[in-house]
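Residues per chain are reported as follows:
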Protein chains: 2
Amino acid sequence: MVKRTSFEGDACPIARSLEAIGDWWSLLIIREALFGLRRFGEFQTKLGMAKNILTVRLRALVDHGILATAPASDGSAYQEYVLTPKGRGTFPILVALRQWSEEFDDRPAEIATILVDRKNGRPVRKLELRAENGRLLSQADTTVKPRPAPRRRSA
Amino acid sequence: MVKRTSFEGDACPIARSLEAIGDWWSLLIIREALFGLRRFGEFQTKLGMAKNILTVRLRALVDHGILATAPASDGSAYQEYVLTPKGRGTFPILVALRQWSEEFDDRPAEIATILVDRKNGRPVRKLELRAENGRLLSQADTTVKPRPAPRRRSA
DNA sequence: GGCAATTGGTTTTATTATGCAACCACACAG
DNA sequence: CTGTGTGGTTGCATAATAAAACCAATTGCC
């Protein structure tokens, strides 16, 4: 098999995420979905992508439980694609990607939008990683450990 | 040309990030680099990827200013790939991906590692997005705005 | 210094994914 | 029941990915 390697059985949680959303379009589809888009045609024209690719991506996102198909909404017989909680849970990932661009992009002038607090329109802070006790952590302050005792039960 | 669409000129900061690190391997390479890997062979055996692909990816990451080639380190004549500040800046993205897996993966039992505070070995908190005044924000509390005043110049 | 193994790739070839365009079925408006 | 828009599918061309073979320079070892 010369398939594109799959990370499905991988033990690394990052690889597992990438398995689901680590391709060119999925995160952009999710981004638009968070923005409120729901219909096939909306995604297609907004993102300017080929329709067959969009079909494949939407199906994969549904299979992964990130999107769900809802029967209607405006009364028409067509279906819509709406984010599941798992899909909405990608928000921090999108924020992290955005902030990385904002901080390190070579031509930041080309970035068109900023993320703001809806209440007052002021920019948000950078994402913060904190210890249990609230202490701010940088990469150097962290390590990975083997996951502890798989809590006797189904999951 | 039927090239894979590039997001290079895109105004969306998320698309811009994906342009640099939005492929299957780049983030995993960066992850290993954050772990301390530096040599071609280390990446190749640890990630189990084809060498030609690794070559292409490493070059792309260097071109994007995420990795830099350093002349030596252990005295040998070979070169090493080390993270730049821009590369280390991807840490929150990796954390976000990890936490998304931890929270939403269908088979969480298969996840082998957890991210902990180096000081006491306790798990870290979830990434927090805060307003200027420190208020915790969820996705619904945010919007995007056009970027303000592009500071008079060419752009 | 001589020789084999290792490192860090390149080349070749096969397979898969992506992208465009054309096509098509169904819903809906009249 | 005819025309139009929505939501796809199908073919074909091209690009990316993968595995394996190959190769040059660097090391390790004697």
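If you're wondering where the values come from, they're calculated on a predicted model, not measured in any experiment.

Peer 1: Run through the domain arrangement of chain A, naming residues and quoting values.
Peer 2: Residues and elements named next belong to chain A. Taken domain by domain, chain A consists of domain 1 (13-88) and domain 2 (91-141). With centres defined by C-alpha atoms, the gap from domain 1 to domain 2 works out at 24 Å. With six residues of domain 1 in contact, the opposing surface of domain 2 contributes four residues. Taken over both partners, the interface formed by domain 1 and domain 2 buries close to 400 Å², and the fraction arising from carbon and sulfur atoms is 78%. For the domain 1 face of the interface with domain 2, the top three residues by lost area are L27, L34 and R88, together amounting to 67%. Joining domain 1 to domain 2, the criterion identifies zero salt bridges. Linking domain 1 with domain 2 are one residue pair in polar contact (both at pLDDT 80 or more). If you tally residues by element for the side of domain 1 that touches domain 2, the top one is helix α2 (residues 26-35), at four residues. In the side of domain 1 that touches domain 2, the residues fall into four nonpolar, no polar and two charged.

Peer 1: Give me the lowdown on the interface of chain A and chain B, citing residues and values where you can.
Peer 2: The figure often quoted for interface size is the accessible area lost as the parts come together. On the side of chain B, 85 residues touch chain A, which itself brings 83 residues to the contact. Note on chain A versus chain B: buried area summed over both sides is about 8,300 Å², and carbon and sulfur give 61% of it. On inspection of chain A and its partner chain B, the count reaches 12 salt bridges. Mapped onto the side of chain A that touches chain B, the elements with two or more residues apiece are α1 (13-21), α2, α5 (85-88), α6 (91-104), β3 (113-117) and β4 (142-146) of chain A. In terms of residues, the side of chain A that touches chain B owes the most to one element, α6(A), which gives 12 residues. Here the side of chain A that touches chain B is built from residues that sort into 43 nonpolar, 15 polar and 25 charged. Relative to strand β3 (residues 113-117) of chain B, β4(A) runs antiparallel, the two sharing five bridges. Looking at β3(B), one finds that T143(A) is bridged to V116(B).

Peer 1: Let's hear about the relation of the copies chain A and chain B: which residues, and what values?
Peer 2: Between the two copies of the chain lies a rotation about an axis combined with a shift along it. Between chain A and chain B, the superposition needs a rotation of 180 degrees and an axial shift of 0.0 Å, giving an RMSD of 0.1 Å. Classification of the inter-copy transformation places it as that of a two-fold axis. No C-alpha of chain A approaches the rotation axis more nearly than that of E128(A), which lies at 2.6 Å. Both copies contact each other with a shared surface, as 100% of the interface residues of chain A are interface residues in chain B too.

About the criteria used
- Residues numbered from 1 in each chain as written.
- Chains lettered and ligands numbered in written order.
- Predicted model: local features only at pLDDT ≥ 70, side-chain atom pairs only at ≥ 80, totals over all residues.
- Heavy atoms only, no water.
- Domains from an automatic or database assignment.
- Contact = heavy atoms within 4.5 Å.
- Buried area = accessible area lost by both parts, 1.4 Å probe.
- Salt bridge = Lys/Arg side-chain N within 4 Å of Asp/Glu carboxyl O.
- Polar contact = N/O pair within 3.5 Å; in protein donor to acceptor, adjacent residues only side chain to side chain.
- Helix = DSSP H or I, 4+ residues; strand = E, 2+ residues; numbered from the N terminus.
- Nonpolar A, V, L, I, M, F, W, Y, C, P; charged D, E, K, R; others polar.
- Pairing = 2+ DSSP bridges.
- Least-squares fit on C-alpha atoms with pLDDT ≥ 70 in both.

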